[in-house]
Amino acid sequence: MAASAVQAAQTAAVTTKSIAKSLLRDPSSIHSRCQAQQLHAQLLKGYSFPYTASSILAIYSRLCLPDDSFRAFSFIPSPSPSSWTSIISCSAAAGLFSHVLFLFQRMRSTGAPPNHKLLPNVLKACAALRSSKLGESLHACAISFGLDSDLFTGNALMNLYCKLGGFQNDLNRSEEMLSRDFGGGCASKIGILERNISRLSAGASPMDNVRKLFEEMPERDVVSWNTVIGGDVENGLYVEALRMVMEMISVGLRPDSFTLSTVIPIFAELGNVSKGKEIHGYTIRNGLDREVFIGSSLIDMYAKCTLVEYSYRVMGFLPNPDAVAWNSIIAASVQNGQFDEGLRLFREMLAVKLKPMAVTFSCLMPACAHLTTLHLGKQLHSYVIRGGFDGNVFVQSALVDMYAKCGNICVARRIFDAMPSVDMVGWTSMIMGYALHGPAYEALNLFRSMEMENGKPNYVAFVAVLTACSHAGLVDEAQKFFDRMTKDYGITPCLEHYAAVADVLGRAGKVEEAYDFISKMHIKPTSSVWSILLGACRVYKNAELAEKVAKKIFELEPSEIAPHLIMSNIYSASGKWKEAADMRMLMRKKGLKKQPACSWIEIKNKVHGFVAHDVSHPCYGNITEAWEALKDQMKREGYVPNTEDVLHDVEEEQKIANLCGHSERLAIVFGIISTPPGTTIRVTKNIRVCVDCHTAIKFISKIVGREIIVRDFNRFHHFKDNGCSCGDFW
DNA sequence: ATAGGGTTAG
């Protein structure tokens, strides 16, 4: 028995050996890491043939297995050119770019020359790392070895310079770096180098350099053209990019799906849908419209041009939409305000077994933020954590924004504090969060920290900090920030900045000043800016100025509802019932209908919506019963109804009854009777909270001992203990 | 061997 076992083992060994031998002769037959490792083990055992680390390295690197490749490589005392090529290609394919540069430097230090197979990979790594200095040295290296005339090297060089776009390239320093970084260096080589590189001007646009390289290439392929076109697009040279496409066609090359997916985003950016449709037509005629790369950029283009229905159609024609196509269609719907559709598409994406990516969540999160559905936001957050996407800075910023918008500013802050590096979007989301919730000093402090840590705030950051000032009524600070924005940072104010300053002036009662400020804007004020002032006129009962402002609004937007309502309200408040009636008549003549006010609340992951005097809710009986009890208690505590905001020309008693039926009160009372004592109540309302409800909710918060958070059309109110975070300023 | 699509704050 023992003898036969030995024999069997020997036969097995012979068989394995012969398999190993044949595998080495034809390494392309190895398709998995497991097979490669078994072969490696056989080689290490060193049967009858010599162990060749370089052949196993070639196999590992072809399978793109960097760890195994590194191990095999480390056993090669003096690597051959092909071994260097293997290990560097494998590192490049695995995205280990700094390793590529490190290995290349080591290779050069042994005196081994670069070759045309290797250099494109090194250039790719350099482009990925945006290393301008090394890039120039590599360029010098390519020239000194005569590799710059190689098609692939030339393409990779052009790509490198496109990626370095924004960098200051001082090409005259290359000589020094040639010898220092990559061991070039003899006099004749440097002569060639100088002659070649001096023709690339240091001060010119980076794309000019790319174009020179392009023109000097002895041969060009579609990739060469696509690279220059891509560089033009990346550097905002849209006209030039499109001219290149035409020229490419005129020399007899056909734009491929790379070319088209590079230029389609131009029309998204410019919002030029008719040109975009032309390109779409071209893709259909050439059978390219079913490719995912084309499809994704078309979906995005139509969405950015607000033709989201076209996006859906493009998606519908894709035979095999990949995760990116799904991301695009989700982004398309969310960007166009179709939040429920975005969420539905996400579920559909999961249902077809595609794995979501970090981008998926940064596209989708704003849907929860806009819908104020905290429970959905939390579900997505847990998905983010389980999927390991919580390290992505886009996702983190989107989460900060979502939690802030869904009313949970504390969690937003916790996520913000945990961010290892905060970009401008992260800072701005957090600042905007505080602006919406009330603690303006937190917003202002964060803005200062951001200036210290992140340098230059952009215009959105100023929108956020000005919003914080306006919500807190900080007139002087707002004006200071506005001045600093224009003077210190050279940012041209846009509509939102003007709106915020006009708002803060108006709220502070400086309505005439606000009028002057708006009149002096360097862009034409829109009806929305004037409407802000109109609102202030109503609060400060300045009917005269209100009429002047309303006239401007009606000229700009004759069919906007809000100014009609406000004017009617102003007239009612000053007892001008006839004017008020005329205004409402005018609205009827124009066919304008008031948007119904509604409020909603989430109870046990279900959303309950209420409109004013809503009797449709199954718990209506309980709600009125609880409200009556609450009302008595409120009266005892000193609550007096304020009917100033009630529009209708009716008796005082009826006005009070109207107030009591306001949708937010129904939602709050329903929240109180449906949750355990002490639970925070979160209600969302589609329009501004009225003065009386604001007072009433303060009383309610004290009586029931709960925090009540109401999100209205433009901010959050945290009611607690008879006070509100907005400081009665909203 | 070289190139490409979708993302967050208002």
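As the structure is a prediction and not an experimental result, all values here were calculated from the model.

Criteria and thresholds
- Residues numbered from 1 in each chain as written.
- Chains lettered and ligands numbered in written order.
- Predicted model: local features only at pLDDT ≥ 70, side-chain atom pairs only at ≥ 80, totals over all residues.
- Heavy atoms only, no water.
- Helix = DSSP H or I, 4+ residues; strand = E, 2+ residues; numbered from the N terminus.
- Contact = heavy atoms within 4.5 Å.
- Disulfide = S-S within 2.5 Å.
- Buried < 20%, exposed > 50% of the residue type's maximum accessible area, 1.4 Å probe, protein only.
- Pairing = 2+ DSSP bridges.
- Expected span 1.5 Å × (residues − 1).
- Arc of directions from axis to C-beta.
- Phe/Tyr/Trp six-rings, centres within 6.5 Å; stacked < 30°, edge-to-face > 60°.
- Lys NZ or Arg CZ within 6 Å of the ring centre and 35° of its normal.
- Patch = residues over 30% accessible without salt bridge, like charges linked within 9 Å, V, L, I, M, F, W, Y side chains within 5 Å.
- Areas by Shrake-Rupley, 256 points an atom, 1.4 Å probe, with all protein chains shown as cover.
- Salt bridge = Lys/Arg side-chain N within 4 Å of Asp/Glu carboxyl O.
- Lys, Arg positive; Asp, Glu negative; His and termini not counted.
- Charge placed at Lys NZ, Arg CZ, Asp CG, Glu CD.
- Near = heavy atom within 4 Å.
- Polar contact = N/O pair within 3.5 Å; in protein donor to acceptor, adjacent residues only side chain to side chain.
- Nonpolar A, V, L, I, M, F, W, Y, C, P; charged D, E, K, R; others polar.
- Right-handed = clockwise from strand over helix to strand, strands pointing away.
- UniProt positions renumbered as here; feature names shortened; annotations may be inferred.
- pLDDT = per-residue confidence, 0-100.
- Core = buried A, V, L, I, M, F, W, Y, C linked by side-chain atoms within 4.5 Å.

Asks: Got a minute to help me understand the overall build of chain A in this structure?
Replies: Scanning chain A for helices and strands turns up 38 helices and 6 strands. In chain A, the proportion of contacts linking residues at least 24 apart, taken out of those at least 6 apart, comes to 63%.

Asks: I'm lost on the state of the cysteines in this one. Help?
Replies: Counted according to the given criterion, the structure contains 0 disulfides. Sulfur of Cys-126: no disulfide; nearest cysteine sulfur belongs to Cys-141 and is 11 Å away. Just so you know, Cys-690 is unpaired, no disulfide at all, and the nearest cysteine sulfur is the one on Cys-693, 3.7 Å from it.

Asks: Is there a simple way to explain the pairing of strand 5 (residues 716-720) in this structure?
Replies: The side chains of a regular strand alternate between the sheet's two faces. Across the 5 residues of strand 5, 4 count as buried, placing the element largely inside the fold. Across 4 bridges, strand 4 (residues 708-711) lies against strand 5 in antiparallel orientation. Along strand 5, the bridge assignment pairs Val-710 with His-717. Sheet topology note: the strand 5/strand 6 (residues 723-724) ladder contains 2 bridges and is antiparallel. Pairing of Phe-719 across the sheet is with Cys-724, part of strand 6. A loop of 2 residues connects strand 5 with strand 6, the two strands running antiparallel in sequence, and Asp-721 in this loop sits at a positive phi of about 50°.

Asks: Got a minute to help me understand helix 2 (residues 33-45) in this structure?
Replies: Along an α-helix, a turn takes 3.6 residues, which lines up residues three or four apart on a common side. Look at helix 2: 18 Å from first C-alpha to last across 13 residues, which is about the 18 Å you get at 1.5 Å a residue. For helix 2, the complete set of buried residues consists of Ala-36, Leu-39, His-40, Gln-42 and Leu-43. Along the axis of helix 2, the buried positions cluster into a sector of 160°, meaning they face one direction only. Facing away from the buried side of helix 2 by over 90 degrees, the exposed positions are Gln-38, Leu-44 and Lys-45.

Asks: When you look at the environment of Gly-316 in this model, what are you seeing that I'm missing?
Replies: By the element assignment, Gly-316 lies in helix 18 (residues 308-317). As for Gly-316 and Arg-290, which are separated by 26 residues in sequence, their C-alpha atoms are 9.7 Å apart.

Asks: What's the story with the sheet that holds strand 6 in this structure? I'm lost.
Replies: Each strand in a sheet pairs with another by means of backbone hydrogen bonds, the pair being arranged parallel or else antiparallel. Overall, mixed pairing links the 6 strands, which are arranged 2-1-3-4-5-6 in an open sheet. Sheet topology places strand 2 (606-611) and strand 6 at the edges, where each strand pairs with a single neighbour. Here strand 1 (residues 598-603) pairs with strand 2 via 6 bridges, running antiparallel. Residue pairing for strand 2: Ile-601 is matched across the bridge by His-608.

Asks: Quick question: what am I supposed to make of the environment of Gly-438 here?
Replies: With respect to the helices and strands, the residue Gly-438 is situated in the loop between helix 25 (424-437) and helix 26 (440-454). Accessibility expressed as a relative area gives 17% for Gly-438, which makes it buried. Between the C-alpha atoms of Gly-438 and Val-292, which are 146 residues apart in sequence, the distance is 45 Å. Residues in contact with Gly-438, not counting those within four places in the same chain, are Arg-715 and Ser-725.

Asks: Got a minute to help me understand the packing of aromatic side chains in this structure?
Replies: Each aromatic ring pair is specified by the distance between its two centres and by the angle formed by the two planes. In this structure the tally under the stated criterion is 17 aromatic pairs. With centroids separated by 5.7 Å and ring planes inclined at 65°, the aromatic side chains of Phe-346 and Phe-361 adopt a geometry described as edge-to-face. With Phe-346 in helix 20 (residues 339-351) and Phe-361 in helix 21 (residues 358-371), the pair connects residues that are 15 residues apart, well separated along the chain. Since its relative accessible area comes to 6%, Phe-346 is described here as buried. A centroid spacing of 5.6 Å and a plane angle of 45° characterise the contact between Phe-361 and Tyr-383, whose relative ring orientation is tilted. Residue Phe-361 is located in helix 21, and its partner Tyr-383 is located in helix 22 (residues 374-386); the two are separated by 22 residues in the primary sequence. Given a relative accessible area of 26%, Tyr-383 falls into the partly exposed group. The residue whose ring lies beneath Arg-220 is Phe-214, and the NZ or CZ to ring-centre distance is 4.8 Å. Sitting above the plane of the Phe-554 ring, Lys-590 keeps its charged end 5.0 Å from the centroid.

Asks: Help me out: how do you make sense of a negative patch on the surface in this one?
Replies: Side chains of Glu-512, Glu-513, Asp-516, Glu-544, Glu-547 and Glu-579 sit close together on the surface and give a patch of like negative charge. At the level of secondary structure, the elements contributing two or more residues to the negative patch comprise helix 30 (511-519) and helix 32 (543-556). For the negative patch, the leading source of residues is helix 30, giving 3 residues. You can see Glu-544 is positioned in helix 32. Taking the relative accessible area as the measure of exposure, Glu-544 reaches 68% and is therefore exposed.

Asks: How should the protein's contact with DNA strand B be read in this particular structure?
Replies: Looking at DNA strand B, there are 45 residues lining it, with Asn-327, Met-357, Ser-362, Lys-405 and Tyr-459 nearest. In DNA strand B, atoms within 4 Å of the protein come from the sugar-phosphate backbone in 35% of cases. The side chain of Asn-155 places a nitrogen or oxygen atom 2.6 Å from a base oxygen of DNA strand B. Interatomic distance of 3.2 Å between a side-chain N/O atom of Ser-328 and a sugar or linking oxygen of DNA strand B. Of the residues that constitute the surface near DNA strand B, the class distribution is 19 nonpolar, 16 polar and 10 charged.

Asks: For this particular structure, what's the right way to read the pairing of strand 4?
Replies: Of the two faces of strand 4, the one holding Ile-708 and Val-710 and the one holding Ile-709 and Arg-711 are both buried throughout. Two elements, strand 3 (residues 681-685) and strand 4, share 4 bridges in a ladder whose sense is parallel. Within strand 4, the position partnered with Arg-682 by the bridge is Ile-709. Crossover connection from strand 3 via helix 38 (residues 691-704) to parallel strand 4: handedness right-handed. Between strand 4 and the antiparallel strand that follows it, strand 5, lie 4 residues.

Asks: In this structure, what is going on with the UniProt feature "repeat: PPR" (unreviewed entry) in chain A? I would like to understand it.
Replies: In the numbering used here, UniProt assigns the feature "repeat: PPR" (unreviewed entry) to residues 80-114, 221-255, 322-356, 423-457 and 458-493. In the segment residues 221-255, helix accounts for 74% and strand for 0%; the C-alpha atoms at its two ends are 11 Å apart. The annotated region residues 322-356 carries 74% helix and 0% strand content, and the separation between its end C-alpha atoms amounts to 10 Å.

Asks: Whenever I open this one, helix 7 (residues 119-128) confuses me. Can you help?
Replies: Counting buried residues in helix 7 gives 8 out of 10 residues, a clear majority hidden from the surface. By the burial criterion, the buried members of helix 7 are Leu-119, Pro-120, Asn-121, Val-122, Leu-123, Ala-125, Cys-126 and Ala-127. Taken from the residues just after helix 7, Arg-130 is the one with a positive phi, measuring 50°.

Asks: What is the right way to read the confidence of the model for chain A from this model?
Replies: Any residue range with low pLDDT should be treated as having predicted coordinates unsuitable for detailed reading. The predicted model of chain A has a mean per-residue pLDDT of 86, with 89% of residues at 70 or higher. Every residue in residues 166-202 is under pLDDT 50, and counting partners more than four places away or in other chains gives 71 contacts.

Asks: So what exactly am I meant to see when it comes to the nonpolar core here?
Replies: Among soluble globular proteins, nonpolar side chains are generally buried collectively. Ranked by internal contacts, the top residues of the largest apolar core, which has 177 residues, are Ile-88, Phe-104, Val-122, Leu-533, Leu-534 and Met-567. Examining the composition of this core, we find that 9 residues originate from one element, helix 21, more than from any other. Listed in part, the 31 residues of the second largest apolar core include Ile-603, Trp-627, Cys-726 and Trp-730.

Asks: Would you explain the pattern of salt bridges in this entry?
Replies: Once their charged atoms are close, side chains differing in charge can pair, the charge on each being opposite to the other. Following the criterion strictly, the structure yields 20 salt bridges and no others. One salt bridge connects Arg-344 with Glu-348, and the closest N-O pair in it is separated by 2.8 Å. Here Glu-348 and Arg-344 lie together in helix 20, a separation of 4 residues that amounts to about one turn. Overall, the relative accessible area of 31% leaves Glu-348 in the partly exposed class. Between Glu-664 and Lys-685 there is a salt bridge; the shortest N-O distance is 2.9 Å. Placement of Glu-664 in helix 37 (residues 663-674) and of Lys-685 in strand 3 is noted, with a sequence separation of 21 residues between them. Salt bridges here are not isolated pairs; linked through shared partners, they connect Arg-211, Asp-232, Glu-240, Arg-243 and Glu-247.

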